[in-house]
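# A closer look at the structure
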Amino acid sequence: MDKKPRVRFAPSPTGGLHIGGVRTVLYNYLFAKKHGGDFVLRIEDTDQTRFVEGAETYIYQCLDWCGLKPDESPLLGGPYGPYRQSERKPIYRKYAEQLVADGKAYYAFDTSTELEAKRKEISNFQYSQSTRSAMKNSLTLGEPETKKMLSENVPHVIRIKMPPEEEIKFTDMIRGEVTFNSTLVDDKVLLKADGMPTYHLAVVVDDFLMKITHAFRGEEWLPSAPVHVLLWRYLFGEENMPQWAHLPLILKPDGNGKLSKRDGDRLGFPVFAMDWKDPKTNELTTGFKERGFLPEAFINMLAVLGWNDGSEQELFTLDELTEKFSMERVHKGGAKFNYEKAKWFNHEWIKRSAVDDYKSMVKEMFSEKNIIITDEEKLKRVLELVKDRCTLLPDFVQQSSFFFQTPENIDLSPIKPKWDDKKNQFFIELIRTYELTNQWQAEALENEFKEIAAASQIKPGDVLLPFRIMLVGGKFGPGVFDIAAILGKEETIHRIKQALGSINQ
């Protein structure tokens, strides 16, 4: 690569951050870091009608949780600021006016009422080469009338003038050469009546001024590419245009269309990185973070949802992804989202991560269940013991709450049908032995348990399940002697006595 790349993620602050957006961030970030370049976050807030309070802050929080921190942003600043398009408003008009002066764009004075009437008159109406001659614009009004209307501040937009029958080509890093016929593309608005640019003008101007070398975005923007190619050609020279890559969609689990928030609601899984509460409706949408995903697992899952390194490897750290990532290995076709696979990634990352990485998050989840933990060392031992059994972080509460509070309900139904005096005497003797022992480690507890079983002529397996249920409350949990070792002598004996009392009532 001739020079260090500069890439950007340019979201609109309109709501929750979809996993497709996070994956776009990730691929931009990996590409930049692999080649020693810069990752820029630019907020595209020119459409004030769709602006949502708090959405920009939410974007920062999501990227921070994911560990994908930009080098330049509205928060951090940088040499090419400002990084919010609404703060760059004065920049855009001169470029739009230049296009008009060069005959590449024109003023359009049609009102919203007039445009709506046309849409009713002509099905699938587009403002384009075939219809512009019948509309109210500087091409049909003539120069004197146009100047008069501009001087009277008649509301207007500036539209690109698409050329007739021209093949517009560019090379996509994923798809190869892509060709469009200009006649099929409508005359997009470049500058709105309020002076704000549309995405089409702003993205080209900002990419040029911010010296962006590579532009990676979702394939839904592919139909806009011919407009952007022409704007580059007209304003800055096509040779200065960034290299583009249009990323494949993340599809519904059945592969039938783009994954949406509605699909997540319907099928019971998140599609946003973090919880998003709509300030207008107060509707809360659950995110991957709050569902109990580790950021490492979330990023790993997204990376391979549309890319692989050519090997069988599935688990990657962010550093490994940075080292191995290449845009050439991004798939052309969409990738089906599989929530069970996403949970598998999380399970694997919980197992391979140090418990200190997520201990504070689990402690907070215990607190939400009114289980207050003060012994940090005990918590660490418990998490280490049960981590292999946990897929999502809330599973830790389910799998280990009995370590921190005596179970309210003990399921005696598996014990009572096979209970007899011999088993009762076994546990009485176990209490006596455990009260006298000075060796409160799992191995010693197990040896004493088996010795009493042998002396009582009972198979250890016949009393192991009752012992587990006495301590845990049900048929689950890690090794029962590990449980007893962490509970301690006093609590273990207390729970056996309590259970015996209930069984013998």
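Please read all numbers here as calculations on a predicted model, not as lab measurements.

## Topic: the pattern of salt bridges
- Scanning the model with the defined rule gives 41 salt bridges in all.
- Here Arg6 makes a salt bridge to Asp38, at a shortest N to O gap of 3.5 Å. On the criterion of sequence distance, the pair formed by Arg6 in strand S1 (residues 6-9) and Asp38 in strand S2 (residues 38-41) is long-range, its members being 32 residues apart.
- The exposure class assigned to Arg6 is buried, which follows from its relative accessible area of 8%.
- Residue Arg93 pairs with Glu97 through a salt bridge whose shortest N-O separation is 2.9 Å. Residue Arg93 and its partner Glu97 are located together in helix H3 (residues 89-101), separated by four residues, close to a single helical turn.

## Quick word on helix H18 (residues 442-455)
- The end-to-end C-alpha separation of H18 is 20 Å, in line with the 20 Å expected for 14 residues at 1.5 Å each.
- Inspection of H18 places Ala442, Ala444, Leu445, Glu448, Phe449, Ile452 and Ala453 among the buried residues, and these make up the whole buried set.
- Among the structural elements, helix H17 (421-436), helix H19 (460-472) and helix H20 (480-487) are those in contact with the buried residues of H18.
- Remark: Gln457 follows H18 within two positions and exhibits a positive phi of approximately 55°.

## Things to note about the pairing of strand S9 (residues 243-247)
- S9 sits mainly inside the fold: four of its five residues count as buried.
- Here five bridges tie strand S8 (residues 214-218) to S9, and the two strands are oriented parallel to one another. Note on S9: the bridge partner recorded for Arg217 is His246.
- Considered for its hand, the β-α-β crossover made up of S8, helix H8 (residues 225-235) and S9 is right-handed.

## Regarding the packing of helix H14 (residues 359-368) against helix H15 (residues 376-386)
- At a closest axis distance of 11 Å, the pairing of H14 and H15 adopts a crossing angle of 100°. Between H14 and H15, the interaxial angle falls into the category roughly perpendicular. When H14 is examined against H15, the residues Lys359, Val362, Lys363 and Phe366 are found in contact with a partner set consisting of Glu376, Leu379, Lys380 and Leu383.
- The residue makeup of the contact of H14 with H15, split by class, is four nonpolar, no polar and four charged.

## Quick look at the packing of aromatic side chains
- With the rule as written, the count across this model stands at 36 aromatic pairs.
- Measuring from ring centre to ring centre gives 6.3 Å for Tyr106 and Tyr127, while their planes differ by 35°; the resulting arrangement is tilted. On the criterion of sequence distance, the pair formed by Tyr106 in strand S3 (residues 105-108) and Tyr127 in the loop between helix H4 (112-121) and helix H5 (138-141) is long-range, its members being 21 residues apart. One exposure class covers both Tyr106 and Tyr127, and it is buried.
- Aromatic pair Phe427 and Phe467: ring centres 6.4 Å apart, planes at 45°, arrangement tilted. Taken as a pair, Phe427 in helix H17 and Phe467 in helix H19 lie far apart in primary sequence, 40 residues in all. For the pair shown, Phe427 and Phe467 are each scored as buried.
- Of the aromatic side chains, those joined through ring pairs into one cluster are Trp419, Phe426, Phe427, Tyr434, Trp440, Phe449, Phe467 and Phe481.
- Cation over ring: Lys341 sits above Trp344, and NZ or CZ is 4.2 Å from the ring centre.

## Observations regarding the environment of Leu68
- Mapped onto the elements, Leu68 comes out in the loop between helix H2 (55-66) and H3.
- Sequence separation between Leu68 and Tyr29 is 39 residues; the distance between their C-alpha atoms is 6.8 Å.
- Not counting residues within four places of it along the chain, the set of residues in contact with Leu68 comprises Val25, Leu26, Tyr29, Phe39, Leu63, Ile299 and Leu318.

## Structural notes on the side chain of Asp206
- By secondary structure assignment, the location of Asp206 is in helix H7 (residues 199-209).
- Looking at Asp206, its side chain comes within polar contact range of the side chain of Gln85, at 2.9 Å.

## A look at helix H13 (residues 339-352)
- Between its terminal C-alpha atoms H13 stretches 20 Å, which fits the 20 Å expected from 14 residues at 1.5 Å a residue.
- All buried positions along H13 are accounted for by Tyr339, Ala342, Phe345, Asn346, His347, Glu348, Trp349 and Ile350.
- In the core, the buried residues of H13 are packed alongside helix H10 (288-291), helix H11 (295-303) and helix H16 (395-400).
- Capping the start of H13 is the job of one residue whose side-chain oxygen sits 3.0 Å from the backbone nitrogen of Glu340: Asn338.

## Observations concerning the layout of surface pockets
- One number sums up the size of the largest pocket: a volume of about 1200 Å³.
- Elements that contribute at least two residues to the lining of the largest pocket include exactly S1, helix H1 (19-34) and S8.
- The greatest single-element share of the lining of the largest pocket, amounting to five residues, is contributed by H1.
- Here the lining of the largest pocket is composed, by residue class, of 18 nonpolar, 14 polar and twelve charged.

## A word on the side chain of Asp186
- Checked against the element boundaries, Asp186 lands in the loop between strand S6 (176-181) and strand S7 (189-191).
- Taking relative accessible area as the criterion, Asp186 reaches 14% and is therefore assigned buried.
- Apart from the residues within four sequence positions on either side, Asp186 is in contact with Gln126, Tyr127, Ser128 and Met162.

## Let's talk about the pairing of S1
- With burial as the criterion, each face of S1 is covered, one bearing Arg6 and Arg8 and the other bearing Val7 and Phe9.
- Both S1 and S2 contribute to a ladder of four bridges, which runs parallel. Within S2, the position partnered with Val7 by the bridge is Phe39.

The rules behind these values
Residues numbered from 1 in each chain as written. Predicted model: local features only at pLDDT ≥ 70, side-chain atom pairs only at ≥ 80, totals over all residues. Heavy atoms only, no water. Salt bridge = Lys/Arg side-chain N within 4 Å of Asp/Glu carboxyl O. Helix = DSSP H or I, 4+ residues; strand = E, 2+ residues; numbered from the N terminus. Buried < 20%, exposed > 50% of the residue type's maximum accessible area, 1.4 Å probe, protein only. Expected span 1.5 Å × (residues − 1). Contact = heavy atoms within 4.5 Å. Pairing = 2+ DSSP bridges. Right-handed = clockwise from strand over helix to strand, strands pointing away. Axes fitted to C-alpha atoms, helices over the stretch in contact; angles between N-to-C directions. Parallel < 35°, antiparallel > 145°, perpendicular 65-115°, else oblique. Nonpolar A, V, L, I, M, F, W, Y, C, P; charged D, E, K, R; others polar. Phe/Tyr/Trp six-rings, centres within 6.5 Å; stacked < 30°, edge-to-face > 60°. Lys NZ or Arg CZ within 6 Å of the ring centre and 35° of its normal. Polar contact = N/O pair within 3.5 Å; in protein donor to acceptor, adjacent residues only side chain to side chain. 1 Å grid on protein atoms, 1.4 Å probe; cavity = no way out; pocket = protein on both sides within 12 Å on 5 of 7 lines; lining within 4 Å. Points joined across faces, edges and corners; volume = space filled by probe spheres on them.

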